[in-house]
Amino acid sequence: MEPHPAVHIRPASQQDLAQWQPLWEAYNAFYGRSGATALPADITRLTWSRILDAAEPVHALVAEREGQLLGLAHFLYHRNTILAGPVCYLQDLFTVPAARGQGVARALIEALYRRAADDGAERVYWHTHHTNSGARHLYDKLADDSGFIVYRKTLG
């Protein structure tokens, strides 16, 4: 089996929209947000505009190989009550199914660790669904399971 060419991790740019959007839609579909439950187009447009706005705390890294985007990582920084510096929340992580098992997600997470450290963050954290066993296998190698359960209440 021939090795795959290297994956390049970099910040998302305006030129990535056409390739980013299908990744974003596939990520949302993975979590059941498609068809009748798909995100409204204005939310997708707003998310993309936030990613590109330097004044926003929302950022994105993309994984690229030979001009093709293979994955994305959306993250944001926020204050924390138990640490002096900001923390980094990895909100969305997705790789195309054809690239899974090739180190793309690992490369995105490790690049995020470096970026967050360079930006002064003291911690990176994220959530995943308990049924996401494929991803959890990787996550268990890269971070500690905090043991916390997430509760949420939709308002409005």
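Below you will find a few notes about this structure. Remember, it's a predicted structure, so these values are computed and weren't measured experimentally. (Residues numbered from 1 in each chain as written. Predicted model: local features only at pLDDT ≥ 70, side-chain atom pairs only at ≥ 80, totals over all residues. Heavy atoms only, no water.)

**Let's talk about the overall build of the protein chain**
Reasoning step 1: In terms of helices and strands, the protein chain carries 4 helices and 5 strands.
Reasoning step 2: For the protein chain, the C-alpha atoms occupy an extent of roughly 45 × 35 × 35 Å along the three principal directions.
Reasoning step 3: Residues counted as buried form 37% of the 156 residues belonging to the protein chain.
Reasoning step 4: Of the contacts formed within the protein chain by residues at least 6 apart in sequence, a portion of 61% connects residues at least 24 apart.
Reasoning step 5: Roughly 10000 Å² of accessible area belongs to the protein chain as shown, and the carbon and sulfur atoms make up 54% of that amount.
Reasoning step 6: Positive and negative charge centroids in the protein chain, built from 15 and 16 side chains respectively, lie 6 Å apart. (Helix = DSSP H or I, 4+ residues; strand = E, 2+ residues; numbered from the N terminus. Buried < 20%, exposed > 50% of the residue type's maximum accessible area, 1.4 Å probe, protein only. Contact = heavy atoms within 4.5 Å. Areas by Shrake-Rupley, 256 points an atom, 1.4 Å probe, with all protein chains shown as cover. Lys, Arg positive; Asp, Glu negative; His and termini not counted. Charge placed at Lys NZ, Arg CZ, Asp CG, Glu CD.)

**Focus on the nonpolar core**
Reasoning step 1: Membership of the largest hydrophobic core comes to 42 residues, with the highest contact counts inside it found for L61, C88, L93, L108 and I109.
Reasoning step 2: Taken together, the elements giving at least two residues each to this core come down to α1 (17-30), α2 (41-52), β2 (58-65), β3 (68-78), β4 (87-95), α3 (104-118), β5 (123-126) and α4 (133-142).
Reasoning step 3: Ranked by the residues each element gives to this core, the list is headed by α3, at 8 residues.
Reasoning step 4: If we ignore the near neighbours within four places in the chain, the residues touching I109 are L90, L93, W126, L138, Y139 and L142. (Core = buried A, V, L, I, M, F, W, Y, C linked by side-chain atoms within 4.5 Å.)

**Details of unusual backbone geometry**
Glycine aside, negative phi is the norm for most residues, and most peptide bonds take the trans geometry.
Reasoning step 1: Unusually for a residue other than glycine, E66 sits at a positive phi of about 50°.
Reasoning step 2: Residue position: E66 is located in the loop between β2 and β3.

**Remarks on α3**
Reasoning step 1: Taking 1.5 Å per residue as the helical rise, α3 with its 15 residues ought to reach 21 Å, and the 21 Å between its terminal C-alpha atoms agrees with that figure.
Reasoning step 2: Those residues of α3 that sit buried are V104, A105, A107, L108, I109, A111, L112 and A116.
Reasoning step 3: Following α3 by one or two positions, G120 has its phi on the positive side, about 90°. (Expected span 1.5 Å × (residues − 1).)

**Some thoughts on the pattern of salt bridges**
Reasoning step 1: Scanning the entire structure with this criterion turns up 4 salt bridges.
Reasoning step 2: The salt bridge partner of E110 is R106, with a shortest N-O separation of 3.5 Å. Pair noted here: E110 and R106 are both in helix α3, with a separation of 4 residues, about one helical turn.
Reasoning step 3: Beyond isolated ion pairs, a larger network of salt bridges with shared partners links R10, D16 and E64. (Salt bridge = Lys/Arg side-chain N within 4 Å of Asp/Glu carboxyl O.)

**Things to note about the environment of W126**
Reasoning step 1: With respect to the secondary-structure elements, W126 resides in strand β5.
Reasoning step 2: When neighbours within four sequence positions are excluded, W126 is seen to be in contact with Y89, L90, I109, Y113, Y139 and A143.

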